[in-house]
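Survey of secondary and tertiary structure
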Amino acid sequence: MDYLDLLPTARHEDIARVLAEKERWLAQPKKGFLRYRELRETVRHIRAAWHDFSGDVVRIGAPEELAAKEKAQVQQVLRGCMPWRKGPFNVFGFDIDAEWRSERKWNRLLPEMPDLAGKLLADIGCNNGYYMFRMAHHQPRLALGFEPYVQHYSTFRILNSFAGLENLRNELLGIEHLHLFPDCFDVVFLLGIIYHRHSPLDALRDVLTALKPGGTLLLESQAIPGNQPMALFPEATYAKVPGTWFIPTAACLENWLKRTGFREIKMFCQHPMSSAEQRRTEWMIFESYEDFIDKDDAALTIEGYPAPWRVFFKARKR
Ligand SMILES: C[S@@+](CC[C@H](N)C(=O)[O-])C[C@H]1O[C@@H](n2cnc3c(N)ncnc32)[C@H](O)[C@@H]1O
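Quick caveat: nothing in here was measured; it's all calculated off a predicted structure. (Residues numbered from 1 in each chain as written. Predicted model: local features only at pLDDT ≥ 70, side-chain atom pairs only at ≥ 80, totals over all residues. Heavy atoms only, no water.)

So, helix H3 (residues 68-80)
Rule in force here: What counts as a helix is a DSSP run of H or I of at least four residues, what counts as a strand is a run of E of at least two, and both are numbered from the N terminus. Under the convention used throughout, the expected extent of a helix is 1.5 Å for every residue step, that is, one less than its residue count. Buried means the residue's accessible area, taken with a 1.4 Å probe over protein chains only, is under 20% of the maximum for its type, while exposed means over 50%, and partly exposed covers the values in between. Read the arc as the range of directions from the helix axis to the C-beta atoms. Residues are treated as being in contact if the distance between any of their heavy atoms lies within 4.5 Å.
With 13 residues, H3 should reach 18 Å at 1.5 Å per residue; the first-to-last C-alpha distance of 18 Å fits that figure. Within H3 the residues assigned to the buried category are Gln-73, Val-74, Val-77, Leu-78 and Gly-80. One side of H3 holds all its buried residues, which, seen down the axis, span an arc of 155°. Each element contacted by the buried residues of H3 is listed here: helix H2 (31-42), strand E4 (89-91), strand E5 (94-96) and helix H6 (150-163).

In structure tokens:
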């Protein structure tokens, strides 16, 4: 069965058309695409006999499963997927210390996580699928990752070609495609996305559309400190990131959720960001958090804006 048949949407033909278009785009003989296709081909024959998604480190394959030649291929492919933004992973014994300590975000979500067993999940902006593997531990019927960037999309495809999980899928889709999935998902994860949307209210409306009645949104966002319901709109960049539009206070984000029609809204965690959570590593060798923050005042970004906090919300569709 095609996994899309699990989703109760009448828009199957439209989805199929978008996916076919994405396939054609991906099949272009351009360096940026060929590179990832080659990486995927190199290790297509390798399947892990073992995995463990129960702990902070996503573990796929044990080192003794591979002969020396395959081990070298896996190492070369993992290095080829750099920079690794989300993790940690251990793949056939190779420890991947990613830029983000993503297990910390997952552990903050866990106390408020609805039962995922047998459920239809969407992870919007799923990156390399770190959280989807953590979801897999809870036995969902399907977790569908939306990820329009080829590097992240391909990295997940490679990891899951090792792990072989049928109930985890990703597609080269973005949040802007959620309207094709009305009333489809029991739980939508919207982590680290909303401040990258120039219309955060439209983004939340699209999420609301895609949730089943009674479904749950788990939302995590960058935020500025303060009690007033306000959002910062940076001149060009925020913490050196150009595609950042509105950075709300927690109160502002709560109002966005209320006024787009969410119910039972609950903020359950907030914390300041730090370089303990996002930092340069051997697997991500570029600038990271400490380069984005004022060297003399850790309460300010390099642009002089309030330094980021992270806030977590849970909300439901009526
Ligand atoms: C800041 S990262 C957050 C990743 C992950 N959700 C997390 O919380 O760690 C933003 C992710 O959204 C992806 N992205 C970019 N454009 C997107 C879009 N239009 N719709 C959904 N995701 C998008 C990026 O490629 C990236 O993987």
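So much for the structure itself; the text now carries on.
Remarks on the nonpolar core
Short version of the rule: Residue types Ala, Val, Leu, Ile, Met, Phe, Trp, Tyr and Cys, when buried and joined through side-chain atoms within 4.5 Å, form a set referred to as a nonpolar core.
Counting residues in hydrophobic clusters, the biggest one holds 54 residues, and the most contacted among them are Val-74, Trp-84, Phe-133 and Phe-189. Considering every element that reaches this core, the biggest residue donor is H6, with seven residues. Residues contacting Phe-133, with those up to four places away along its chain left out, are Phe-53, Val-58, Ile-60, Phe-89, Asn-128, Phe-156, Leu-159, Asn-160, Ala-163, Leu-165 and Leu-168.

Focus: unusual backbone geometry
Look at the link from Met-82 to Pro-83: it is a cis peptide, with omega at 0°. Here Pro-83 is to be found in the loop between H3 and strand E3 (86-87). A cis amide bond links Gly-87 with the next residue in sequence, Pro-88, at an omega value of 10°. Along the chain, Pro-88 falls in the loop between E3 and E4. At Ala-239, a residue that is not glycine, the phi angle is positive and equals roughly 50°.

Overview of the pattern of salt bridges
A side chain of one charge can pair with a side chain of the opposite charge when the charged atoms of the two come close. The condition that has to hold: Here a salt bridge means any side-chain nitrogen of Lys or Arg lying within 4 Å of a carboxyl oxygen belonging to Asp or Glu.
Taken as a whole and judged by the stated rule, the model has 23 salt bridges. Across the pair Glu-99 and Arg-85 runs a salt bridge whose closest N-O atoms are separated by 2.8 Å. Placement of the pair is Glu-99 in the loop between E5 and strand E6 (100-101) and Arg-85 in the loop between H3 and E3, with a sequence separation of 14 residues. You can call Glu-99 buried: its relative accessible area is 2%. Looking at Arg-85, the relative accessible area reads 26%, which means it is partly exposed. Put simply, Glu-264 and Arg-316 hold a salt bridge, and the shortest N to O gap is 3.7 Å. Within this pair, whereas Glu-264 is found in strand E14 (residues 263-272), its partner Arg-316 is found in strand E15 (residues 309-316), the two being separated by 52 residues in sequence.

These figures come from the coordinates and say nothing about function on their own.
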